[in-house]
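# Structural characterization, general
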Amino acid sequence: MKIAICPGSFDPVTLGHLDIIERAAGLFDRVVVLVMSNSAKNCAFSIDERIDLLKKCIKNPNIEIDTYSGLLVDYAKQKGAVAIVKGLRAVSDFDYEFQQALINKSLYPKIETVFLAANSDNMFLSSSMVKEVCRLDGDISPFVPKEILNDIIKRCKGDI
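Now for a description of the structure that goes with this document. Predicted model, so just to flag it, every value in this text is computed and none were measured.

## Regarding the pattern of salt bridges
This structure, assessed with the given rule, holds 11 salt bridges. With its nearest N and O atoms 2.7 Å apart, the salt bridge here joins K131 to D11. With K131 in helix 5 (residues 127-135) and D11 in the loop between strand 1 (3-8) and helix 1 (15-27), the pair connects residues that are 120 residues apart, well separated along the chain. Assigned by exposure class, K131 and D11 land together as buried. Note that D19 and R23 form a salt bridge whose closest N and O atoms lie 2.8 Å from each other. Separated by 4 residues within a single helix, D19 and R23 lie in helix 1, roughly one turn from each other. For D19, a relative accessible area of 18% puts it in the buried group. Connected via shared salt-bridge partners are R30, E64 and K79.

Below, the structure written as structure tokens:
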């Protein structure tokens, strides 16, 4: 069984994230969506809340949702994963992700990084942008799954 990991902070999950996750599920037997913390980000949702949001959106039985606080490659070894799947929106994403791929490969030579180009509808989309548009009373419904739209609006408006 070929297992891939789609890591990210998913704060919150967007339609761009879901597109990459579903496309990865078409390429691998099993996909683990791995919710991770990023010390460089100030998250609006806790890890448990982000997992709950993902569970509301993802119904594919070949996709698992998990969390891990250590090195991604250590998790990949534990799971027997063959690939890390990353979405790319722009060339600027590639610079950072390429560095990560090289580090991961040096730490765990058996892992491959697979880059999937964002769908043209989602090339501009980021969780940070979604939160900012929401905070400024913009319509985020074209950017996030309908199952979690109200959860995101409540958080960005400070209601929860």
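## With respect to the nonpolar core
One finds I21, V33, L54, I58, V85, I140 and I152 to be the most contacted residues of the largest nonpolar core, which totals 34 residues. At the level of secondary structure, the elements contributing two or more residues to this core comprise strand 1, helix 1, strand 2 (30-35), helix 2 (47-57), strand 3 (63-67), strand 4 (83-88), helix 5 and helix 6 (149-156). Tallying contributions element by element places helix 1 first for this core, with 5 residues. When neighbours within four sequence positions are excluded, V33 is seen to be in contact with C6, F10, I21, L54, I58, I63, E64, I65 and D66. Membership of the second largest hydrophobic core comes to 13 residues, among which are V32, L34, M36 and I84.

## Looking at helix 5
Given 3.6 residues per helical turn, the α-helix brings residues three or four places apart onto the same face. Taken as a whole, helix 5 has its buried residues at S127, V130, K131 and C134. The arc that holds every buried residue of helix 5, seen down its axis, measures 95 degrees, which confines them to one face. Opposite its buried face, helix 5 presents the exposed residues S128 and M129, each directed more than 90 degrees away. Positive backbone phi, approximately 70 degrees, marks D137, located one or two places after helix 5.

## What to know about helix 1
For helix 1, which comprises 13 residues, the first-to-last C-alpha distance of 19 Å matches the rise-based estimate of 18 Å (1.5 Å per residue) to within 8%. Inspection of helix 1 places G16, L18, D19, I20, I21, A24 and A25 among the buried residues, and these make up the whole buried set. The secondary structure elements touched by the buried residues of helix 1 are strand 1, strand 2, helix 2, strand 3, strand 4 and strand 5 (112-117). One side-chain oxygen at the N-terminal end of helix 1 lies 3.2 Å from the backbone nitrogen of G16; it belongs to T14.

## Digging into the pairing of strand 4
For strand 4, a buried count of 5 out of 6 residues is recorded, marking the element as mostly surrounded by other parts of the structure. Bridge count between strand 1 and strand 4: 2 bridges; the pairing is parallel. By the bridge assignment for strand 4, I5 is matched with I84. Bridging between strand 4 and strand 5 involves 6 bridges; their strand directions are parallel. Note on strand 5: the bridge partner recorded for L88 is A117. Handedness of the strand 4-helix 4 (residues 91-107)-strand 5 crossover: right-handed.

## Comments concerning the packing of aromatic side chains
Summed over the entire model, instances satisfying the criterion amount to 4 aromatic pairs. Centroid distance Y68 to Y75: 5.2 Å. Interplanar angle 50 degrees. Geometry classified as tilted. Y75 gets classed as buried once you look at its relative accessible area, which sits at 3%. Between F124 and F143, the aromatic rings sit 5.7 Å apart at their centres with planes inclined by 80 degrees, giving edge-to-face as the arrangement. In this pair, F124 is assigned in the loop between strand 5 and helix 5 and F143 in the loop between helix 5 and helix 6, connecting sequence segments 19 residues apart.

Here is what the cut-offs are and how they apply
Counting restarts for each chain, with residues numbered from 1 along the sequence as it is written. For a predicted model such as this one, the threshold for reporting local features is a pLDDT of at least 70, and the threshold for listing and counting side-chain atom pairs is 80 or more; totals across whole chains, interfaces and linings nevertheless cover every residue. Side-chain descriptors were evaluated using all non-hydrogen atoms of the structure, hydrogens and water having been removed beforehand. Salt bridges are defined by distance alone: a side-chain nitrogen of Lys or Arg within 4 Å of a carboxyl oxygen of Asp or Glu. Only runs of H or I of at least four residues qualify as helices and only runs of E of at least two qualify as strands under DSSP, and these elements are numbered from the N terminus. For every residue, the accessible area obtained with a 1.4 Å probe (protein chains only) is divided by the maximum for its type, and the residue is called buried under 20%, exposed over 50%, and partly exposed between those limits. We call a set of buried residues a nonpolar core when its members are Ala, Val, Leu, Ile, Met, Phe, Trp, Tyr or Cys and they connect through side-chain atoms within 4.5 Å of each other. By the convention used here, residues are in contact when the closest approach between their heavy atoms is within 4.5 Å. The arc in question is the one spanned by the directions pointing from the helix axis to the C-beta atoms. Multiplying 1.5 Å by the helix residue count minus one yields the expected span of that helix. N or O atoms closer than or at 3.5 Å make up a polar contact, with two conditions inside protein: a donor-capable atom paired with an acceptor-capable one, and, for residues adjacent in sequence, both atoms drawn from side chains. Strand pairing is defined by DSSP finding a minimum of two bridges between the two strands. Look down the strands so they point away from you; if going from the first strand over the helix to the second traces a clockwise path, that crossover is right-handed. Note on aromatic pairs: the rings of Phe, Tyr and Trp (six-membered ring only in Trp) are paired at centre separations within 6.5 Å, and the planes decide the class, stacked below 30 degrees, edge-to-face beyond 60, tilted for the rest.

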